[in-house]
Amino acid sequence: MDKDRIRRIAARTALSITAVVFVGSIALFLLWRDRPDLGDISWPRAVSEELEATDVTITWLGVATILFDDGQTQILVDAFISRPTLADAILQRPVSSDIPRINAAMHDFRMRGLAAIIATHSHYDHAMDVGAIANRSSASVLGSESTANVARGAGVPEDQILVVEPGQVYEFGQFTVMLYESPHAPIGWRGATPLPGTIDEPLEMPAPITAWREGGSYSVVISHPQGTSLVQGSAGYNDNRLDDVQADVVFLSVGMLESLGREYAGNYWWELVTATGATRVIPVHFDDLTAPFGDIRLAPRFIDNFVKTAGWLDELRQTWDKDVELYLPVFGEKVGLYSLEGPPSS
Ligand SMILES: [Zn+2]
């Protein structure tokens, strides 16, 4: 083959590769921007016009991070304030807790009486900041051995770390907390748990987000004389596992629920809502994990479609639980949890 011909083939190949990369990038960019609209969900927003100083309140801080407060004692379920970017996730760049952001959030949301930080499991979008927040409070970190290792990696003293026993009752002020083992949503390859396994050594940051292994998941039941809440941090369920739990409010994780199908969603609803007798359901974990803290947007449609999932939840409510009200949480809104009204009786 003469040199000119080789050069022509090389130039053509380079041009084709450039064209494919260019078109692929544009397609991905467009797919990434195509997102369902939160405005298409007609549920009432979870807001309170008036709050009594003694009300148990919650403040939703995105994904499954929820601050409970009865005016004297605060409990934080999950701790995800740092927000590694999409590039951090794709390129597996080592990430660390965003300390200025955590300081600001603890100030803005008045986390002065934190008694406990409970991780529903140890993936980064639930447990990443347990250590940084514990170090800025006197709160105990509760969770699996993996969550304990996340806290240890951040230098949290051992007497501030509690590896939970499922079924054991923990008391914090007037709150009592119980954790039940629960499967993670089967949203990994062929129905597996994504990033499975445990964190067996103190997890020191910076670390890539894949370092936060699941470490076992829990349903968290938080009771108070005013009422009982169940927080489900991931859309997994076990048949009859929560049979002895009665809840007023369920925080229902719906991340990737659409990918598991309508039938799965029905079973999940049944075990978490119908079986516990809850009358108010607040879906969580529907927002884009890679968005900055406080910026609530839905995930791209090709990854998850929360508007479609919300339609399923409406149907399930109509079928089994007409006396349940579904609320959409609003980032950073302090809500009187047990004064939220059920649906108007018709
Ligand atoms: Zn997870």
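Thresholds, definitions, all that
Residues numbered from 1 in each chain as written. Predicted model: local features only at pLDDT ≥ 70, side-chain atom pairs only at ≥ 80, totals over all residues. Heavy atoms only, no water. Donors = N, O, S within 2.8 Å, 3.2 Å for Na, K, Ca; no water. Helix = DSSP H or I, 4+ residues; strand = E, 2+ residues; numbered from the N terminus. Buried < 20%, exposed > 50% of the residue type's maximum accessible area, 1.4 Å probe, protein only. Patch = residues over 30% accessible without salt bridge, like charges linked within 9 Å, V, L, I, M, F, W, Y side chains within 5 Å. Areas by Shrake-Rupley, 256 points an atom, 1.4 Å probe, with all protein chains shown as cover. Salt bridge = Lys/Arg side-chain N within 4 Å of Asp/Glu carboxyl O. Pairing = 2+ DSSP bridges. Axes fitted to C-alpha atoms, helices over the stretch in contact; angles between N-to-C directions. Arc of directions from axis to C-beta. Contact = heavy atoms within 4.5 Å.

Student: What's the story with the coordination of the zinc ion in this structure? I'm lost.
Tutor: Note on metal sites: the ideal angle is 109.5 degrees for four tetrahedral donors, and 90 or 180 degrees for six octahedral donors. Summarising the metal site, the zinc ion is bound by the protein donors His121 (NE2), His123 (ND1) and His184 (NE2), whose distances to it range over 2.1 to 2.2 Å. Spacing between the donor residues of the zinc ion along their common chain follows H-x1-H-x60-H. A residue pair is termed long-range when its members are at least 10 positions apart, and His121 in the loop between strand S5 (114-118) and helix H4 (124-127) and His184 in the loop between strand S9 (175-182) and strand S10 (217-224) qualify at 63 residues. Among the residues examined, His121 registers a relative accessible area of 1% and is labelled buried. For His184, a relative accessible area of 8% gives the class buried.

Student: It is not clear to me how a nonpolar patch on the surface should be interpreted in this structure. Could you clarify?
Tutor: A cluster of nonpolar side chains, contributed by Phe22, Val23, Ile26, Phe29 and Leu30, occupies part of the molecular surface with about 520 Å² of accessible area. Assignment of secondary structure puts Leu30 in helix H1 (residues 3-33). The exposure class of Leu30 is exposed, given its relative accessible area of 52%.

Student: For this particular structure, what's the right way to read the sheet that holds strand S16 (residues 334-336)?
Tutor: Pairing between the strands of a sheet is mediated by backbone hydrogen bonds and can be parallel or antiparallel. The sheet built from seven strands is open, its strands ordered S7-S6-S5-S4-S3-S2-S16 with mixed pairing. Looking at strand neighbours, the two that pair on one side only are strand S7 (161-163) and S16, the edges of this open sheet. Across the sheet, the mean angle separating the axes of adjacent strands is 20° when strand polarity is ignored. Note that strand S2 (residues 57-60) and S16 share three bridges and pair antiparallel. Counted as the bridge partner of Thr59 is Lys334 from S16.

Student: Mind showing me how you'd approach the pairing of strand S3 (residues 66-69) here?
Tutor: It is a general feature of regular strands that their side chains alternate between the two faces of the sheet. Here S3 shows no split at all, with Ile66 and Phe68 on one side and Leu67 and Asp69 on the other all buried. Looking at chain direction, S2 and S3 are connected through four bridges and run antiparallel. Its bridge partner lying in S3, Trp60 is registered against Ile66. A loop of five residues connects S2 with S3, the two strands running antiparallel in sequence, and Gly62 in this loop sits at a positive phi of about 90°. Hairpin connection, S3 to strand S4 (residues 74-77): the antiparallel pair is bridged by four residues, and Gly71 has positive phi, about 95°.

Student: How should the sheet that holds strand S12 (residues 249-253) be read in this particular structure?
Tutor: Here we have seven strands laid out as an open sheet, ordered S8-S9-S10-S11-S12-S13-S14, and mixed in their pairing. Looking at strand neighbours, the two that pair on one side only are strand S8 (169-172) and strand S14 (325-326), the edges of this open sheet. Two elements, S12 and strand S13 (residues 280-284), share five bridges in a ladder whose sense is parallel. Within the sheet, the bridge partner assigned to Phe251 lies in S13 and is Ile282.

Student: I keep staring at unusual backbone geometry and nothing clicks. Help me out?
Tutor: As a rule of thumb, non-glycine residues mostly have phi less than zero, and peptide bonds are mostly trans rather than cis. With omega at 5°, the peptide bond leading from Met205 into Pro206 counts as cis. Counting through the fold element by element, Pro206 comes out in the loop between S9 and S10. Phi is positive for Arg190, close to 50°, though the residue is something other than glycine. Residue position: Arg190 is located in the loop between S9 and S10. On the basis of relative accessibility, which here comes to 77%, the residue Arg190 falls in the exposed class.

Student: Help me out: how do you make sense of helix H3 (residues 99-108) in this one?
Tutor: Think of an α-helix as 3.6 residues a turn; residues three or four steps apart then line up on the same face. Of all the positions in H3, only Ile102, Ala105 and Met106 are classed as buried. Seen end-on, H3 carries its buried residues on one side only, within an arc spanning 100°. Residues of H3 that are exposed and angled more than 90 degrees away from the buried face: Pro100 and His107. For H3, the elements touching its buried residues are S5 and helix H5 (130-135). Following H3 by one or two positions, Arg110 adopts a phi angle in the positive range, close to 50°.

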